[in-house]
Amino acid sequence: MTRGRTLLFAIAGGAAVGNLYWSQPLLDDIAASLDTSTAVAGLLVTLTQVGYALGILLVVPLGDVLDRRRLVPVVLVASAVALLGAAVAPTFTTLLVALALVGLTTVAGQLLIPLAGDLAVPAERGRVVGTIASGVLTGILVSRTVSGIVADVFGWRAIYVIAAVAALVFAVLLRRAIPELGRRDRVPYPTLILSVFRAVAAHRSVQVTLVISATVFAVFTMFWTALTFLLSAEPFGYSTTAIGLVGLAGLAGAVAAQRVGRLHDRGLSVPVTGAALVLVLVSLVIAGIGARSIVVVLVAVVLLDVGVQGANVLNQTRLFAIDPAARSRLNTAFVTGNFIGGAIGSAIASVLWNAGGWTAVTVGAAILMGFAVTVWAVHRRRGLVVTAAH
């Protein structure tokens, strides 16, 4: 993994995952354009996420058995076709189907991360994976802002045309940049999918890591879901645009993700994971105490994102060291576990907000983080230590 190839993987992964979030700030415009309500238009976000979950489960494991030099460009071209379908969709139903297909095919980033783990030498794997994960996170954070700006100038359909062109460009660049790889063992597709679950069952360290990671991601989505409620209410009363700008403070997490991988390379993965979990817990205490000060909230946002993304990169990199032949399948389990945790976190946030507002949310999130820290503390000497060959 040269620096140029690492940067290309990071940018391509960020552009790919951004496809999941283009529609979020555009729901009002889309609803008006296609003669439906904003509430119904919200299904676009849901169906895109459902498509993505299916793509992670059904497409990403193929990275362990197919030639990624062909697979990644094919996935990007399929994504470009789905994006163009969204751009020209004449009805809301057509757009719904197109965005579900966008979700299904926008998994290039999750193919590139384990591929980078294969290509990187062990001493640099943490740095490389951290850099690409940072690119993916940046794509998530920036995508909403970019789509809003493009829609204001050119209309909501333009962002999908631009994204389709970008996907085709990256397909060509990655076809050239991904090196020739050796032949891989052929595995029947049903067996391949089942082997995802077998890979999780076979390794105690995988199970412990997935529990910690899913819990952290549940807290992450709890916080960000409830933060929208907090900032749109008094004493803040922020607009959607202002709330989106607050979200850019999360870019600190992208920087942390890029840096923390180096600590894995130094053999500090397990202790630094524990420190990252404690940092998230501290951020929740700060957020709960300073809920009426935007400065304090921003400090909490930065600390939480640094802790969450740091833990995320370390957990993911540690998984890649467990079974090199199953990195794509382990990544499937990792992302799926995070997705499930995130969905649960969003649901809990709404319930707790209605029950006791921001205080209830931060207390509930702190309890979950206490659980994650406990799991880490119990397993830090054995369950999280990876001794498998690189």
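Just above, that's the structure.
This report concerns the structure included in the present document. These figures come from a predicted structure and were not determined experimentally.

Considerations on the overall build of the protein chain
Here comes step 1: Secondary structure assignment for the protein chain yields 16 helices and zero strands.
Here comes step 2: Computed over its C-alpha atoms, the radius of gyration of the protein chain comes to 20 Å, within 12% of the 21 Å expected for a compact globule of 390 residues.
Here comes step 3: In the protein chain, buried positions account for 53% of the 390 residues.
Here comes step 4: Counted over contacts in the protein chain with a minimum sequence separation of 6, partners at least 24 positions apart contribute 83%.
Here comes step 5: As presented, the protein chain carries roughly 16000 Å² of accessible surface, and 68% of it is formed by carbon and sulfur atoms.
Here comes step 6: Separation of charge centres in the protein chain, based on 26 positive and 14 negative side chains, amounts to 11 Å.

A few points about the packing of aromatic side chains
Here comes step 1: This structure, assessed with the given rule, holds seven aromatic pairs.
Here comes step 2: Look at Phe229 and Trp353: their rings are 5.6 Å apart centre to centre, the planes differ by 50°, and that puts the pair in the tilted class. Remark: Trp353 occurs in helix H16 (residues 327–379) and Phe229 occurs in helix H11 (residues 204–232); sequence separation between them is 124 residues.
Here comes step 3: The exposure class of Trp353 is partly exposed, given its relative accessible area of 23%.
Here comes step 4: Following the ring pairs from residue to residue traces out a cluster consisting of Phe217, Phe220, Phe223, Trp224 and Trp358.
Here comes step 5: The cationic tip of Arg380 hangs over the ring face of Trp376; the distance from NZ or CZ to the ring centre is 5.8 Å.

Some words on the environment of Leu57
Here comes step 1: Mapped onto the secondary structure, Leu57 falls in helix H4 (residues 43–58).
Here comes step 2: When its relative accessible area of 26% is taken as the criterion, Leu57 is described as partly exposed.
Here comes step 3: With near-sequence residues (within four places) excluded, Leu57 lies in contact with Ile193 and Thr332.

Concerning the packing of H11 against H16
Here comes step 1: Where H11 contacts H16, the axes come no closer than 4 Å and their chain directions differ by 30°. One way to sum up the angle between H11 and H16 is to call them roughly parallel. As H11 runs across H16, the sense of the crossing is right-handed.
Here comes step 2: In terms of residue class, the contact of H11 with H16 is made up of 32 nonpolar, 13 polar and one charged.

Considering the packing of H11 against helix H15 (residues 294–320)
Here comes step 1: Put simply, H11 and H15 touch, their axes get as near as 10 Å, and they point 155° apart. The pairing of H11 with H15 is recorded here as roughly antiparallel in orientation. H11 and H15 meet at a crossing whose hand is left-handed. Contact residues: H11 offers Val206, Thr209, Leu210, Ile212, Ser213, Val216, Phe220, Phe223, Trp224, Leu227, Leu230 and Leu231, while H15 offers Ile294, Val297, Val301, Leu304, Asp305, Val308, Gln309, Asn312, Asn315, Arg318 and Leu319.
Here comes step 2: Here the residues of the contact of H11 with H15 are counted per class, giving 16 nonpolar, five polar and two charged.

Notes on the pattern of salt bridges
Here comes step 1: With the rule as written, the count across this model stands at five salt bridges.
Here comes step 2: Between Asp118 and Arg68 there is a salt bridge; the shortest N-O distance is 2.8 Å. Of the two residues, Asp118 sits in helix H7 (residues 108–119) while Arg68 sits in helix H5 (residues 68–87), which places them 50 residues apart along the sequence.
Here comes step 3: A relative accessible area of 3% means that Arg68 is categorised as buried.
Here comes step 4: Across the pair Glu180 and Arg69 runs a salt bridge, and its minimum N-O distance is 3.1 Å. With Glu180 in the loop between helix H9 (158–177) and helix H10 (189–202) and Arg69 in helix H5, this pair connects stretches of sequence that are 111 residues apart.
Here comes step 5: Using a relative accessible area of 17% as the deciding quantity, one classes Arg69 as buried.
Here comes step 6: It is possible to trace a salt-bridge network through shared partners that takes in Arg68, Asp118 and Arg327.

Examining unusual backbone geometry
Here comes step 1: Here the bond from Glu234 into Pro235 is cis, since omega is 10°, no more than 30 degrees from zero.
Here comes step 2: In this model, Asp35 sits at a positive phi of 55°, which is unusual for a non-glycine residue.
Here comes step 3: Within the secondary structure, Asp35 is located in the loop between helix H2 (27–33) and helix H3 (38–41).
Here comes step 4: Look at Asp35 and you get exposed, because its relative accessible area is 73%.

Structural notes on H5
Here comes step 1: Over its 20 residues, H5 extends 28 Å from the first C-alpha to the last, a length consistent with the 28 Å expected when each residue adds 1.5 Å.
Here comes step 2: One side-chain oxygen at the N-terminal end of H5 lies 2.9 Å from the backbone nitrogen of Arg69; it belongs to Asp67.

Details of a nonpolar patch on the surface
Here comes step 1: Nonpolar side chains collect at one region of the surface, where Leu84, Val161, Val165, Val169 and Leu173 lie side by side and expose about 370 Å² of accessible area between them.
Here comes step 2: Top element by residues in the nonpolar patch is H9. It accounts for four residues.
Here comes step 3: Relative to the helices and strands, Val169 is located in helix H9.

Some details on the nonpolar core
Here comes step 1: In this structure, Phe9, Val107 and Leu174 are the most contacted members of the largest nonpolar core, which totals 47 residues.
Here comes step 2: The leading source of residues in this core is H7, at six residues.
Here comes step 3: If we skip the residues at most four places from it in the chain, Phe9 touches Met1, Leu112, Leu115, Ala116, Leu119, Ile132, Leu174 and Ile178.
Here comes step 4: Membership of the second largest hydrophobic core comes to 38 residues, among which are Ile212, Leu231, Leu284 and Val308.

A closer look at the side chain of Ser23
Here comes step 1: Within the secondary structure, Ser23 sits in the loop between helix H1 (3–18) and H2.
Here comes step 2: Residue contacts for Ser23: discarding those within four places in its chain leaves Ile30, Leu44, Val45, Leu99 and Tyr160.

About the thresholds
Residues numbered from 1 in each chain as written. Predicted model: local features only at pLDDT ≥ 70, side-chain atom pairs only at ≥ 80, totals over all residues. Heavy atoms only, no water. Helix = DSSP H or I, 4+ residues; strand = E, 2+ residues; numbered from the N terminus. Rg over C-alpha atoms; globule rule 2.2 N^0.38 Å. Buried < 20%, exposed > 50% of the residue type's maximum accessible area, 1.4 Å probe, protein only. Contact = heavy atoms within 4.5 Å. Areas by Shrake-Rupley, 256 points an atom, 1.4 Å probe, with all protein chains shown as cover. Lys, Arg positive; Asp, Glu negative; His and termini not counted. Charge placed at Lys NZ, Arg CZ, Asp CG, Glu CD. Phe/Tyr/Trp six-rings, centres within 6.5 Å; stacked < 30°, edge-to-face > 60°. Lys NZ or Arg CZ within 6 Å of the ring centre and 35° of its normal. Axes fitted to C-alpha atoms, helices over the stretch in contact; angles between N-to-C directions. Parallel < 35°, antiparallel > 145°, perpendicular 65-115°, else oblique. Left-handed = near helix turned anticlockwise from the far one by under 90°. Nonpolar A, V, L, I, M, F, W, Y, C, P; charged D, E, K, R; others polar. Salt bridge = Lys/Arg side-chain N within 4 Å of Asp/Glu carboxyl O. Expected span 1.5 Å × (residues − 1). Polar contact = N/O pair within 3.5 Å; in protein donor to acceptor, adjacent residues only side chain to side chain. Patch = residues over 30% accessible without salt bridge, like charges linked within 9 Å, V, L, I, M, F, W, Y side chains within 5 Å. Core = buried A, V, L, I, M, F, W, Y, C linked by side-chain atoms within 4.5 Å.

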